Amino acid sequence: PVLVRSVPPAFTPAANQLQYGGTVVVSAIVLADGSVSHLRVLKPIGLGLDEQALVAVSRYQFKPALADGKPIAFQLDINVKFVPETLPPASAVTID
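These numbers were taken from a predicted model, which means no experiment stands behind them.

Turning our attention to the packing of aromatic side chains. Scanning the entire structure with this criterion turns up two aromatic pairs. Ring plane angle 90° and centroid distance 5.7 Å describe the contact between F11 and F82, whose orientation is recorded as edge-to-face. Note that F11 is positioned in the loop between β1 (2–5) and α1 (13–18) and F82 in strand β7 (residues 74–82), a separation of 71 residues in sequence. With relative accessibility at 24%, the residue F11 sits in the partly exposed group. The exposure class assigned to F82 is buried, which follows from its relative accessible area of 3%.

If you want it as structure tokens, here you go:
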């Protein structure tokens, strides 16, 4: 699958106040229509950021994987990075 549209994750007030960040790893299935389903957190970081990662990833849109030229569902892990605003910005999304 190829990421077509991502949504930046929202910081929770607690994480923002503490300048707390990290990477939440989310498992997802990209369906044949490019939407995302079956989300679950594989690596949590807490302070409500896990839930915010799930909300963001649920709104992603992909160009689906193909098998024999036809779109298929595909499981992947998505790294959602949370970087406090006072730290230098980094890419919010990487896909393994």
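So much for the structure itself; the text now carries on.
The subject of this paragraph is unusual backbone geometry. Positive phi, normally seen in glycine, also occurs at Q19, with a value near 55°. If you trace the backbone, Q19 turns up in the loop between α1 and β2 (22–30). Its relative accessible area of 32% is what places Q19 among the partly exposed residues. One non-glycine residue with positive phi stands out, namely H38, at about 55°.

The rules we used
Residues numbered from 1 in each chain as written. Predicted model: local features only at pLDDT ≥ 70, side-chain atom pairs only at ≥ 80, totals over all residues. Heavy atoms only, no water. Phe/Tyr/Trp six-rings, centres within 6.5 Å; stacked < 30°, edge-to-face > 60°. Helix = DSSP H or I, 4+ residues; strand = E, 2+ residues; numbered from the N terminus. Buried < 20%, exposed > 50% of the residue type's maximum accessible area, 1.4 Å probe, protein only.

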